[in-house]
Amino acid sequence: MEKYQEKMFKNNELQGKTILVTGGGTGLGKSMAHYYLELGANVIIASRKKEVIDEAVAELKKSTGKSNIVGYECDVRDYLNVEKVIEQGIETFGEINGLVNNAAGNFVSPTERLSNKAFDVITDIVLKGSYNCSLALGKYWIEKKIKGTVLNIVTTYSWTGSGYVVPSACAKAGVLALTRSLASEWAKYGIRTNAIAPGPFPTQGAFSRLFPENLAKLIDPLKRIPLKRFGDHQELTNLAAYLMSDFSAYINGEVITIDAGEWIYNAGEFNSFDNIPSAMWDEVEKHVRGKK
Ligand code: HXC
Ligand code: NAP
């Protein structure tokens, strides 16, 4: 096992926290929920598909041996539904003091092929879902004087934008703005807001919609990553645990990229010179020096 696959924190480091993870029944959300539970937090997972949530709760209870997790059917686009989940969570655990805005929708498509409804569905899940949960919990935290923590899951194209995932890029850019804006405005209440921008981490949800099998011959996502590997869920959950914990008390309004250097690698003008064989560099140098 590599070091980055190991669990970073001592047991019970998140005891006393109750964390709502949206979209916590699958993929990265489920991995974060798993580690939070292992670290002693109470966990609430919520998403649209009740059977997926119920199955995940049973699986997480079994794999951690802990029972302090509940799952609720919730569409984060519906503010009243979000408020109901928060009420139920508070009833179960006494309070909620952490939120991971992880729920998302996405798929690759040329923009001109999208219907307006397809654009709406992605931006509503990602941006409206994130502000609905942040607003509902923020109001409750401010009223109850709870120093809550928000962790938003964005992407590296939140800054750069990206073709073929335009609704997602617009929405994630909005979530990035939400992160920095609330970090400034709600710091006075002791509420911290940060984000993680992951590169590719294998999950069924993302990879089936973004790197479909029939594109594999044309596009190899590994080629874009200078470390030539995908992310391991534990390295992301270690970061998510740190940002949710009080060890990161002085970090606010920050977005931490965890992508093996993928996005700067592909932005750097000359990084494709990696493809030049080392034996060729003597010849290249001769030509370059010759220009003096
Ligand atoms: C064009 C599409 C489409 C596609 C759906 N639509 N898929 N249009 N190409 N591939 C259109 C539909 O035709 C419809 O418009 C509208 O979108 C809504 O589709 P529905 O299927 O009715 O919506 P719904 O059942 O709510 O499903 C939502 C979804 C789906 C977003 C389309 O993919 C989903 O449930 N996703 C959740 C999980 C997910 O996406 N995970 C990936 C996250 S990865 P019309 O007009 O026809 O009615 C990520 C970042 C990864 O976010 C970055 C990696 C580096
Ligand atoms: P995933 O497994 O598909 O997770 C998305 C989750 O969102 C699902 O559990 C889904 O559950 C939930 N969801 C979708 N619409 C919802 C709604 N309206 N209300 C409530 N929940 C909803 O994909 P993932 O890869 O783990 O993605 C998790 C997060 O990481 C996302 O924010 C994604 O943008 C981000 N990310 C992932 C990668 C990657 O490489 N995997 C890279 C960068 C960023 P239901 O279908 O049951 O609702």
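Structural data are supplied above this passage.
Keep in mind that this is a model prediction, so the values were computed, not measured.

**A word on the overall build of the protein chain**
- For the protein chain, the count of helices and strands is 10 helices and seven strands.
- For the protein chain, whose C-alpha radius of gyration is 21 Å, the value lies close to the compact-globule estimate of 19 Å for 292 residues.
- Expressed as lengths along the three principal axes of its C-alpha atoms, the size of the protein chain is roughly 75 × 45 × 40 Å.
- Out of the 292 residues belonging to the protein chain, those deemed buried represent 45%.
- Partitioning the contacts of the protein chain with sequence separation of at least 6, the portion at a separation of at least 24 is 77%.
- Of the accessible surface of the protein chain, which amounts to about 15700 Å², a share of 53% is contributed by carbon and sulfur atoms.

**A look at the site of ligand 2**
- In the vicinity of ligand 2 there are 26 residues, among which Thr26, Ser47, Arg48, Asn102 and Thr203 approach most closely.
- A distance of 2.8 Å separates an oxygen atom of ligand 2 from a polar atom in the side chain of Arg48.
- Within the backbone of Val76, an N or O atom sits 3.0 Å from a nitrogen atom of ligand 2.
- Compared with its free state, where it exposes 880 Å², ligand 2 has 91% of that area covered by protein.
- Listing elements by their share of the shell around ligand 2, those giving two or more residues are helix H1 (27-38) and helix H7 (204-210).

**Things to note about the environment of Tyr79**
- Along the polypeptide, Tyr79 turns up in helix H3 (residues 79-93).
- Between the C-alpha atoms of Tyr79 and Gly129, which are 50 residues apart in sequence, the distance is 8.3 Å.

**Concerning the packing of aromatic side chains**
- Applying the stated criterion across every chain, the model contains six aromatic pairs.
- A centroid spacing of 6.3 Å and a plane angle of 45° characterise the contact between Phe273 and Trp281, whose relative ring orientation is tilted.
- Of the residues examined, Phe273 reaches a relative accessible area of 37% and is grouped as partly exposed.
- Assessed through its relative accessible area of 35%, Trp281 is described here as partly exposed.
- Here a set of aromatic residues connected by ring pairs shows up, and it is made of Phe207, Phe211 and Phe230.
- Just above the ring of Tyr4 sits the side chain of Arg229; from NZ or CZ to the centre is 3.6 Å.

**Describing the packing of helix H4 (residues 116-144) against helix H6 (residues 166-185)**
- One way to put it is that H4 packs onto H6 with a least axis distance of 7 Å and a crossing angle of 15°. One way to sum up the angle between H4 and H6 is to call them roughly parallel. As for the relative orientation of H4 and H6, their crossing is right-handed in sense. Where H4 abuts H6, its residues Phe119, Ile122, Thr123, Val126, Leu127, Ser130, Tyr131 and Ser134 lie against Val166, Pro167, Ser168, Cys170, Ala171, Lys172, Gly174, Val175, Leu178 and Leu182.
- The class makeup of the residues in the contact of H4 with H6 is 12 nonpolar, five polar and one charged.

**A look at the sheet that holds strand S6 (residues 192-198)**
- Taking strand neighbours across the sheet as the criterion, the seven strands line up as S3-S2-S1-S4-S5-S6-S7 in an open arrangement whose pairing is parallel. Two strands in the sheet have a free side with no partner beyond their single neighbour: strand S3 (69-73) and strand S7 (255-258). Across the sheet, the mean angle from the axis of one strand to that of its neighbour is 15°, orientation sign disregarded.
- Taken together, the three bridges between strand S1 (residues 18-22) and strand S4 (residues 98-101) define a ladder with parallel strand orientation. Considered in S4, the bridge of Val21 is made with Val100.
- Seen against the sheet, H6 touches strand S5 (149-153), S6 and S7 and runs at an angle of roughly 150° to S6.

**Here we look at the side chain of Glu235**
- Here Glu235 shows up in helix H8 (residues 233-244).
- Those residues in contact with Glu235 that lie beyond four places of it in its chain are Tyr4, Phe201, Arg229, Phe230 and Ile258.

**Focus on the environment of Lys172**
- With respect to the helices and strands, the residue Lys172 is situated in helix H6.
- Separated by 11 residues in sequence, Lys172 and Gly161 have C-alpha atoms that sit 9.0 Å apart.
- For Lys172, the contacting residues outside a window of four places in its chain are Ala104, Val126, Ile153, Val154, Thr155 and Ser158.
- From its side chain, Lys172 meets the backbone oxygen of Ile153 in a polar contact 2.8 Å long.

**A short note on the nonpolar core**
- Formed by 31 residues in total, the largest nonpolar core has its most connected members in Tyr36, Ile45, Val100, Leu151 and Ile196.
- Among the secondary structure elements, those contributing two or more residues to this core are S1, H1, strand S2 (42-47), helix H2 (50-64), S5 and H8.
- Listed in part, the 26 residues of the second largest apolar core include Ala46, Phe93, Leu137 and Val150.

**Regarding the pattern of salt bridges**
- Under the definition given, this model contains 11 salt bridges.
- Between Glu6 and Lys3 there is a salt bridge, with its nearest N and O atoms 3.2 Å apart.
- Judged by its relative accessible area of 65%, Lys3 falls in the exposed class.
- Here Glu38 ties to Lys7 by a salt bridge, and the two come within 3.0 Å at their closest N and O atoms. Of the two residues, Glu38 is situated in helix H1 and Lys7 in the segment before S1; the sequence distance between them amounts to 31 residues.

Each value, and the rule that gives it
- Residues numbered from 1 in each chain as written.
- Chains lettered and ligands numbered in written order.
- Predicted model: local features only at pLDDT ≥ 70, side-chain atom pairs only at ≥ 80, totals over all residues.
- Heavy atoms only, no water.
- Helix = DSSP H or I, 4+ residues; strand = E, 2+ residues; numbered from the N terminus.
- Rg over C-alpha atoms; globule rule 2.2 N^0.38 Å.
- Buried < 20%, exposed > 50% of the residue type's maximum accessible area, 1.4 Å probe, protein only.
- Contact = heavy atoms within 4.5 Å.
- Areas by Shrake-Rupley, 256 points an atom, 1.4 Å probe, with all protein chains shown as cover.
- Near = heavy atom within 4 Å.
- Polar contact = N/O pair within 3.5 Å; in protein donor to acceptor, adjacent residues only side chain to side chain.
- Phe/Tyr/Trp six-rings, centres within 6.5 Å; stacked < 30°, edge-to-face > 60°.
- Lys NZ or Arg CZ within 6 Å of the ring centre and 35° of its normal.
- Axes fitted to C-alpha atoms, helices over the stretch in contact; angles between N-to-C directions.
- Parallel < 35°, antiparallel > 145°, perpendicular 65-115°, else oblique.
- Left-handed = near helix turned anticlockwise from the far one by under 90°.
- Nonpolar A, V, L, I, M, F, W, Y, C, P; charged D, E, K, R; others polar.
- Pairing = 2+ DSSP bridges.
- Core = buried A, V, L, I, M, F, W, Y, C linked by side-chain atoms within 4.5 Å.
- Salt bridge = Lys/Arg side-chain N within 4 Å of Asp/Glu carboxyl O.

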